[in-house]
There are 2 protein chains.
Amino acid sequence: MAEGDDDVPLILTWDDTNSGLLEEDENAAGNYDVVNNVVIPTPGAPDPRAQNSLRQSWEMNYQEAAIYLQEGENNDKFFTHPRNAQALSAYLFAHNHLFYVMELLTAVLLMLLSLSEAPAVPFLRLDVYVHASLELLALATVAFELCMKLRWLGFHTFIRHKRTMVKASVLFIQFIEAIVVLVRQTSHLRVTRALRPIFLVDCRYCGAVRRNLRQIFQSLPPFIDILLLLLFFMVIFAILGFCLFSANTADPYFSTLENSIVSLFVLVTTANFPDVMMPAYSKNRWSCIFFIVYLSIELYFIMNLLLAVVFDTFNGVEKMKFKSLLLHKRSAVEHAFQLLVGRQRPDGVCLKQFDGLMRFYRPRMTARDRFLTFKALNRSGASMLSLQDFYKLYEVIGLKWKARRSGEHWFDDLPRTAFLILKGINLLVKSKAFQYAMYLVVAINGIWILVETNMLNDGVAWTHVVPWSYIIFLTIYGVEVLLKITGLGPLKYFSSGWNLFDFSVTVFAFLGLIALAFDMEPFYFIVVLRPFQLLRLFKIKQRYRNVLDTMFELFPRMASLGLTLIIFYYSFAIVGMEFFADVVYPNCCNTSTVADSYRQINVTIGNRTILDEGYYYLNNFNNILSSFVTLFELTVVNNWYITMEGVTSQTTHWSRLYFMTFYIVTMVVMTIIVAFILDAFVFRMNYSRKNREPLDDPEDEKGIVFETEVSQTEALQTLDLYKHTLGVTNLSSLQDMCVALERSGHSSLVFLGRRSRTKSDLSMKMYEEEIQEWYEEYSRTNLQPDETSHRELDSPEVSAANSIN
Amino acid sequence: MAEGDDDVPLILTWDDTNSGLLEEDENAAGNYDVVNNVVIPTPGAPDPRAQNSLRQSWEMNYQEAAIYLQEGENNDKFFTHPRNAQALSAYLFAHNHLFYVMELLTAVLLMLLSLSEAPAVPFLRLDVYVHASLELLALATVAFELCMKLRWLGFHTFIRHKRTMVKASVLFIQFIEAIVVLVRQTSHLRVTRALRPIFLVDCRYCGAVRRNLRQIFQSLPPFIDILLLLLFFMVIFAILGFCLFSANTADPYFSTLENSIVSLFVLVTTANFPDVMMPAYSKNRWSCIFFIVYLSIELYFIMNLLLAVVFDTFNGVEKMKFKSLLLHKRSAVEHAFQLLVGRQRPDGVCLKQFDGLMRFYRPRMTARDRFLTFKALNRSGASMLSLQDFYKLYEVIGLKWKARRSGEHWFDDLPRTAFLILKGINLLVKSKAFQYAMYLVVAINGIWILVETNMLNDGVAWTHVVPWSYIIFLTIYGVEVLLKITGLGPLKYFSSGWNLFDFSVTVFAFLGLIALAFDMEPFYFIVVLRPFQLLRLFKIKQRYRNVLDTMFELFPRMASLGLTLIIFYYSFAIVGMEFFADVVYPNCCNTSTVADSYRQINVTIGNRTILDEGYYYLNNFNNILSSFVTLFELTVVNNWYITMEGVTSQTTHWSRLYFMTFYIVTMVVMTIIVAFILDAFVFRMNYSRKNREPLDDPEDEKGIVFETEVSQTEALQTLDLYKHTLGVTNLSSLQDMCVALERSGHSSLVFLGRRSRTKSDLSMKMYEEEIQEWYEEYSRTNLQPDETSHRELDSPEVSAANSIN
């Protein structure tokens, strides 16, 4: 195992490493030069100084390999790889979670500032000098981050990195504007605030958002083509409509060509549908043909075509993205591999090197897990990892290792009586009868709630009494939770998402009961969540389980798409606030066609005076929160033209451009969201069909599982190796393993490494054959792995080509 | 070629054929019995009576084989195959275009009757006795058709044929009701009229609609599952919403649980969106979260899920349908083949038999085409068709044959001067420059129209003057059409869809000009079609050509989907008319929440009195045409709740069920239409990617092309064979071929058979590998081809299994 002890790395990293970073004494530095000129120290005659320098050069290699792996994981292009020791320190500074969090917080702070700037949310208003100072502070932090990046990338690469350059110029503008605001003590028209999300998008943690944006831009060209077709038909029909209906003076929708076009634009969104037809229809019943033909072409054909084209492009882009990521990772693994092999054995990485890499790459991993990961990679059983083994690195890196339990229950070690009782409970909660009894209870509860709510039609009485039915059902659920926790053991219970859901709903219901009992007004909303108990019923049917499981699998991706949408919202909200703040108010738009929706008048009916409100003045851009709600309403599309016409009547008719642009942008994003959901589901279904694998594995069988058997001698040897050769100090995990091995009485112990299955795993299986082709193509078009090891591969051009490929 | 002359068919068809159909004399009948007991007449000693009976038994076989092929083509199950001569005559009676047209006309007449029945379209109203008599007449015709079917199928099969049984019972009910109407001289509540489309669906010509309906029903189970999920969340949120908002008396949307549910149902369709939120939002701004969460779950997640699930099911169903159709056809071909081979050579079909078959199967085909089709099938060059050759029958059957032209232009035979001129024109119209010049003209025309229309904002002046620009552009288009027709030749010109489009637009424009010039008011609408010229611009870009081409390929399928939708509309329209005719009228709904939309009052503004109309009373069910328009509005969904609430306020609140059911039904159909368009486009794109075939073949290269070379000797031999042995009388086509061969001076002539490419051809190529598997599986699970020939395969069970497989 220790054969790699005094081997020399095949490649030496950061040639000018002796100046800085590691505080080496003169001698070591001198010695290092010798090593660098490939003087292999004679084995068996260890010169302590050479040993020391050798160890240091190995450490350097571990670190660089870890950086390569990280770059592979993050899909960072290799041409941003740090080139020297100074760059390395900047790189290390800019690549840790503290820095990332700072980056994120600054960006979020900048975005949140719009809550307190000029058209501020009332209770968050800040003085100009306060928010401008905060902004300057945040911008200074961003500038500092950029400086670190500059130091790490070097000026040349920095200039060539487009995203960073955009960020720098936006930063510059914002800086100047913030200073202007501070000097003038008042906000001017600051549309550039709409660019603030760029700082957020550039955050390390927002990689998914960046990918979404890229995907959106890649889907744009075909989208725009079809959009043009849509607009083209719109114009043709607008001309037609103008010719046909403009003679009718009772028809405001087609009175001018501009009105025609706007009416038909709104008609594509169906928001004004029967209304736009009615004046013409009341004159001549056959005029409905115009509208039916228009809607059939535009709404039912071209809009679907849009979805089809985007869906198709999306499919292709998704696959290309997977391919490029896969090949990039492969290339990263190759780079790392070449840094880990020694001159004596250039085909393999032994445990010592692997462990060294892992200490840099995953500093939190225990020695035991590093060892087990090595074993998991090392399928051949040889003492070293070949490149082929090493390729699998990314697959095993996230595994959580656990010894396989000898018994199956958590209470196996308890005394006999307790064991029997718990065994009984275990059998009970696992029985079908118990499950269906619970479903029945939930169903009865559901019907009960429905009937009860229906009878409480006065709508007031329900809040202040605790209904007895509530207590009974809650008791049943409480008992169920307790039984399950004792029967399955807390660990197993909480490892299932469904149980977690049950648990939290029950706990919330208890909190609601307490709130009711102690009459705590603000927590009443918890009581209202009772009906969510009913969701448990959906466990019964297979298809729902699939759908909900897929939903959870998709959740991260959906969240990032949601965030992308919010970023678009933010930009539009800023622009909206700058131009339309405070333009609509009750009774504002009496000259427009939508006056009714903004009217607020007192009406006397009989002897009561009531306020007759068209509430649309609430849909305004008066502060960022209102703007978000207004934009959401515009996204839902229905009646959006009322908001548009209201604002337009108070400003110019160019305002319509804002609303129409927003509609088109959300249409793009929404179409992509639909395409994404379609793609994800169809992919899942195809996957399960192709692999003849039922989607309903028992819950604990899910995910990726690796098995590794460790014998007692092996364990002791490893412990020894770690203790004496590697000089690792924290070995408690390894010692625990040895103790466990001894206690179990078996000569070996099986460890299971688990992680949840990702889309990438599914894709790997789906595209199995194609992946082989890609690999072959990759090794054909690129240099051979042997050659990739050499430095020339790191030249920006080749690396970029690799990662784009 | 004539070797099969006096061979005996391997199988003899319709054992009891001697009683009826063919008027055979006693002797022939006697002789036939002998043949039936497989007494092979000795070759070389032709007994005229045996010869005669032999020919007749062959004729019978040809006919049965043709019927098998027809059944394969129409996807008729083989258990409905006529079993005896009596059934055969009924079958032949019921399977020709005259009968089909009668079937169709009767069904259409029945459906059209609703135009003139009780709530009739004003100008089409008929007296009760007139339309009731018409109905009885139509129903009697349907009954007659059913009798023919009974005679052909036999009582046993008839009973087991579900569709026919449903039709029969509907017929029975309609009959009784029609008589009741006639006796009472007034229409009663006749909801059963909603079942009339069944007669249409059962028509031979409406096979596509039947398939669509089947596909819709097959997609239903997963659809319903997700729909339940949707409704479930709706109920949960309704309870929540009721608890949260019912305290607000200004909020009519959540005042009772029923209102809550209805409001949230309408909210899923977004039709009441910001309005439903506004009362709660004006009280508490955070209440928007309830609506945002609800819409995100229901509209953006579950509705998309619905599409995904339907799309996935649709994909699967589409493939299974293709497979079952393919195997059914294969089995039909096998049946036919076995009937065509003789005892002496049981492995092949020779020209004589093939020709016999074709005379029954495609009576209109000329002798030359029959011969060429045989040659096209006969790839091996042997004198007979093997079963493998014969399998391709359906691929070649629709080919249109033409001799390959020696020259490429239609004017090659003209005198030199004319040739040169025409050649010049030909080169001109084919040149890129000419094309782009025309695009430029169209673009200028488009801009011109836009500018002109924009300047004519008074909207009256445009009708009575012929603008000079119109004349100029029209002249250019006219010249272009003339040049193209002379340059390409009329045949080639009109064979392109795009040219046809150009031509018709230009002709329409001319007609419009004439209408303008002679001041013919009713034809002004033609002038208005001018902007459609602009569509020609879409030829420029590749993607648009693809989209439009795909659109045309999809058109038949789209039309059948549209017809399916219309059938649903019809049923709903009838029900709507029976229950809601004349319930809404101006100012009808003053007690409801949508009173404004139905109000019609005179308003005085300044010194003008204008009529302020909420036009929604026009969206009624007063006659079938109005109902259709109303239902279309409901399909478009926007503001549909206004119609619903209007009708509900005038009737009971159970009326909402009608509208909600309609929404769900159209949602199903619309989702399937979307899934269909998605599927078709994605399929096309995948196809062109997979086959690396550009979608933009030059126009004349499109479709399926078969080539067949015919030598002079072969042609003469065939002519001889036809003349002497087959006794076919109409040989002009073959003689023409011989003459053409002689005139051309070559020893052989190449004939090209063309047909347009169908989806089935694409599928054949896409599923190439899978098709082989299906065939293997088919021949494994079924009897071997040799055995299939025997009668036992025709037992209903096996045939049904075949065709379902």
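Residues numbered from 1 in each chain as written. Chains lettered and ligands numbered in written order. Predicted model: local features only at pLDDT ≥ 70, side-chain atom pairs only at ≥ 80, totals over all residues. Heavy atoms only, no water.

1. Examining the interface of chain A and chain B
- With 89 residues of chain A in contact, the opposing surface of chain B contributes 88 residues.
- Interface of chain A and chain B: buried area, both sides summed, is about 8,500 Å²; carbon and sulfur atoms make up 75% of it.
- Three residues, Tyr300(A), Phe301(A) and Asn638(A), lead the burial of chain A against chain B; their summed loss comes to 7% of the area buried on that side.
- The tally of links between chain A and chain B comes to zero salt bridges.
- Among the elements of the structure, α8 (207–245), α10 (273–283), α11 (288–340), α17 (432–455), α22 (542–580), α24 (624–636) and α26 (655–690) of chain A are those that each provide at least two residues to the side of chain A that touches chain B.
- Of the residues forming the side of chain A that touches chain B, the biggest block, 15 residues, is contributed by α8(A).
- Across the side of chain A that touches chain B, the residue classes tally to 64 nonpolar, 17 polar and eight charged. (Contact = heavy atoms within 4.5 Å. Buried area = accessible area lost by both parts, 1.4 Å probe. Salt bridge = Lys/Arg side-chain N within 4 Å of Asp/Glu carboxyl O. Helix = DSSP H or I, 4+ residues; strand = E, 2+ residues; numbered from the N terminus. Nonpolar A, V, L, I, M, F, W, Y, C, P; charged D, E, K, R; others polar.)

2. Digging into the packing of helix α16 (residues 416–430) of chain A against helix α18 (residues 468–488) of chain A
Residues and elements named next belong to chain A.
- At their nearest, the axes of α16 and α18 sit 8 Å apart, and the two run at 120 degrees to each other. The orientation of α16 relative to α18 falls into the category oblique. Classified by chirality, the crossing of α18 by α16 is left-handed. Along its contact with α16, which presents Leu422, Ile425, Asn426, Leu428, Val429 and Lys430, the element α18 presents Leu483, Lys484, Thr486, Gly487 and Leu488.
- Of the residues that constitute the contact of α16 with α18, the class distribution is six nonpolar, three polar and two charged. (Axes fitted to C-alpha atoms, helices over the stretch in contact; angles between N-to-C directions. Parallel < 35°, antiparallel > 145°, perpendicular 65-115°, else oblique. Left-handed = near helix turned anticlockwise from the far one by under 90°.)

3. Some points on the side chain of Thr164(A)
All names here are of chain A.
- Within the element layout of this structure, Thr164 appears in helix α6 (residues 162–184).
- In this structure Thr164 comes out as buried when scored by relative accessible area, which is 0%.
- With residues near it in sequence (within four places) discarded, Thr164 still touches Leu146, Lys149 and Phe158. (Buried < 20%, exposed > 50% of the residue type's maximum accessible area, 1.4 Å probe, protein only.)

4. A word on helix α10 (residues 273–283) of chain B
- Of all eleven residues in α10(B), nine are buried; the element is thus mostly enclosed.
- Buried within α10(B) are the following residues: Phe273(B), Pro274(B), Asp275(B), Val276(B), Met277(B), Met278(B), Pro279(B), Ala280(B) and Tyr281(B).
- Those residues of α10(B) that are buried are in contact with α24 of chain A together with α8 (207–245), α9 (257–268), α11 (288–340) and α25 (640–650) of chain B.

5. Some points on the sheet that holds strand β7 (residues 748–755) of chain B
All names here are of chain B.
- Spatial ordering of the open sheet is given by β3-β7-β6, a layout of three strands whose pairing is antiparallel. Edge positions in the open sheet fall to β3 (400–403) and β6 (704–711), since each of these has one partner strand only. On average, each strand axis in the sheet is tilted by 25 degrees relative to the strand beside it, whichever way the strands run.
- Sheet contacts for helix α28 (residues 732–744): β6 and β7; angle to β7, the most-contacted strand, approximately 125 degrees. (Pairing = 2+ DSSP bridges.)

6. Things to note about the sheet that holds strand β6 (residues 704–711) of chain A
All names here are of chain A.
- Ordered in space as β3-β7-β6, the three strands form an open sheet in which the pairing is antiparallel. A strand with exactly one partner marks an edge of an open sheet, and here the two such strands are β3 (400–403) and β6. On average, each strand axis in the sheet is tilted by 25 degrees relative to the strand beside it, whichever way the strands run.
- As defined by bridge partners, β3 adjoins strand β7 (residues 748–755) across four bridges and the pair is classed as antiparallel. In the sheet register, Ala403 faces β7, and the bridge partner there is Phe751.
- Contacts between helix α13 (residues 367–377) and the sheet are confined to β3, β6 and β7, with β6 contributing the most and set at about 105 degrees to the helix.
- In the packing of helix α28 (residues 732–744) onto the sheet, contacts are made with β6 and β7, and the angle to β7 comes to roughly 125 degrees.

7. Concerning the domain arrangement of chain A
Residue and element names in this part refer to chain A.
- Annotation of chain A at the domain level lists domain 1 (86–204), domain 2 (212–299), domain 3 (313–398 + 700–779), domain 4 (416–540) and domain 5 (550–691).
- Computed over C-alpha atoms, the centres of domain 3 and domain 5 are 49 Å apart.
- The partner domain 5 presents twelve residues to the eleven residues of domain 3 that form the contact.
- Both faces considered, domain 3 and domain 5 share a buried interface measuring about 1,200 Å² in area, 60% of it formed by carbon and sulfur atoms.
- Looking at the side of domain 3 facing domain 5, the largest losses of area belong to Phe314, Leu762 and Met766, adding up to 53% of the total buried there. (Domains from an automatic or database assignment.)

8. Describing the nonpolar core
- If you look at the biggest cluster of nonpolar residues, it comprises 316 residues, and the most contacted ones within it are Phe291(A) and Phe291(B).
- Contact partners of Phe291(A), with chain neighbours within four places excluded, come to Phe245(A), Phe254(A), Leu267(A), Phe273(A), Val276(A), Met277(A) and Ala280(A). (Core = buried A, V, L, I, M, F, W, Y, C linked by side-chain atoms within 4.5 Å.)

9. With respect to a negative patch on the surface
All names here are of chain A.
- A grouping of Glu768, Glu769, Glu773 and Glu776 is seen on the molecular surface, where their side chains present a negatively charged patch.
- Within the element layout of this structure, Glu769 appears in helix α30 (residues 768–781).
- Glu769 gets classed as exposed once you look at its relative accessible area, which sits at 64%. (Patch = residues over 30% accessible without salt bridge, like charges linked within 9 Å, V, L, I, M, F, W, Y side chains within 5 Å. Areas by Shrake-Rupley, 256 points an atom, 1.4 Å probe, with all protein chains shown as cover. Lys, Arg positive; Asp, Glu negative; His and termini not counted. Charge placed at Lys NZ, Arg CZ, Asp CG, Glu CD.)

10. Quick notes on the UniProt feature "domain: Ion transport" (unreviewed entry) in chain A
- The positions UniProt marks with the feature "domain: Ion transport" (unreviewed entry) are residues 104–319 and 432–682 of chain A.
- When the span residues 104–319 of chain A is considered, its composition is 76% helix and 0% strand, and the gap between its end C-alpha atoms is 30 Å. (UniProt positions renumbered as here; feature names shortened; annotations may be inferred.)

11. Things to note about the packing of aromatic side chains
- Counted under the stated rule, the structure contains 87 aromatic pairs over all chains.
- Considering the side-chain rings of Phe572(B) and Phe662(B), the 5.0 Å spacing of their centres and the 75 degrees angle between planes classify their relative orientation as edge-to-face. Linking Phe572(B) in helix α22 (residues 542–580) with Phe662(B) in helix α26 (residues 655–690), this pair joins segments that are 90 residues apart in sequence. For the pair Phe572(B) and Phe662(B), one class covers both residues: buried.
- Between the NZ or CZ atom of Arg362(A) and the centre of the ring of Tyr361(A), over which it lies, the distance is 4.5 Å. (Phe/Tyr/Trp six-rings, centres within 6.5 Å; stacked < 30°, edge-to-face > 60°. Lys NZ or Arg CZ within 6 Å of the ring centre and 35° of its normal.)

12. Looking at the relation of the copies chain A and chain B
- The transformation that overlays chain A on chain B combines an axial shift of 0.0 Å with a rotation of 180 degrees, and the residual RMSD is 0.1 Å. In short, the pair behaves as if placed about a two-fold rotation axis. For chain A, the residue whose C-alpha comes nearest the rotation axis is Asn638(A), separated from it by 3.6 Å. (Least-squares fit on C-alpha atoms with pLDDT ≥ 70 in both.)

13. Structural notes on the pattern of salt bridges
- Here the structure, examined in full by the defined rule, presents 45 salt bridges over all chains.
- A salt bridge links Arg193(B) to Glu117(B); the shortest N-O distance between them is 2.4 Å. On the criterion of sequence distance, the pair formed by Arg193(B) in the loop between α6 (162–184) and α7 (197–201) and Glu117(B) in the loop between α4 (97–112) and α5 (128–160) is long-range, its members being 76 residues apart.
- Judged by relative accessible area, Arg193(B) falls into the buried class, the value being 3%.
- Look at Glu117(B) and you get buried, because its relative accessible area is 1%.
- A salt bridge links Arg359(B) to Asp355(B); its shortest N-O distance comes to 3.2 Å. Linking Arg359(B) with Asp355(B), this pair stays in helix α12 (residues 351–361), spanning four residues, or about one helical turn.
- Classification of Arg359(B) by relative accessible area gives partly exposed; the value is 28%.
- Look at Asp355(B) and you get buried, because its relative accessible area is 0%.
- A single salt-bridge network, built from bridges that share partners, covers Glu117(A), Glu135(A), Arg190(A), Arg193(A), Arg196(A) and Glu578(A).

14. Notes on unusual backbone geometry
Residues and elements named next belong to chain B.
- Positive phi outside glycine occurs at Thr270, with the angle close to 65 degrees.
- The buried category is assigned to Thr270, whose relative accessible area is 13%.
- The backbone phi angle of Val637 is positive, close to 80 degrees, even though this residue is not glycine.
- Relative to the helices and strands, Val637 resides in the loop between α24 (624–636) and α25.

15. Quick word on the state of the cysteines
- Scanning the model with the defined rule gives one disulfide over all chains in all.
- For Cys206(A), which is in no disulfide, the shortest distance to another cysteine sulfur is to Cys203(A) and amounts to 5.0 Å.
- Not part of a disulfide, Cys288(B) finds its nearest cysteine sulfur in Cys243(B), a span of 19 Å.
- Taking relative accessible area as the criterion, Cys288(B) reaches 7% and is therefore assigned buried. (Disulfide = S-S within 2.5 Å.)

16. Describing the packing of α22(B) against α24(B)
Residue and element names in this part refer to chain B.
- At a minimum axis distance of 9 Å, the contact between α22 and α24 shows a crossing angle of 115 degrees. Along this stretch, α22 crosses α24, giving a crossing that reads as right-handed. Along its contact with α22, which presents Ile566, Tyr569, Tyr570, Phe572, Ala573, Ile574 and Met577, the element α24 presents Ile624, Ser627, Phe628, Leu631, Phe632 and Thr635.
- For the contact of α22 with α24, the class distribution of residues is eleven nonpolar, two polar and no charged.

17. Here's the deal with the pairing of β6(A)
All names here are of chain A.
- With burial as the criterion, only one face of β6 is covered, namely that bearing Ile704, Phe706, Thr708 and Val710; the residues Val705, Glu707, Glu709 and Ser711 on the opposite face remain uncovered.
- Relative to β7, β6 runs antiparallel, the two being bridged by eight bridges. Directly across from Glu709, in β7, lies its bridge partner Val750.

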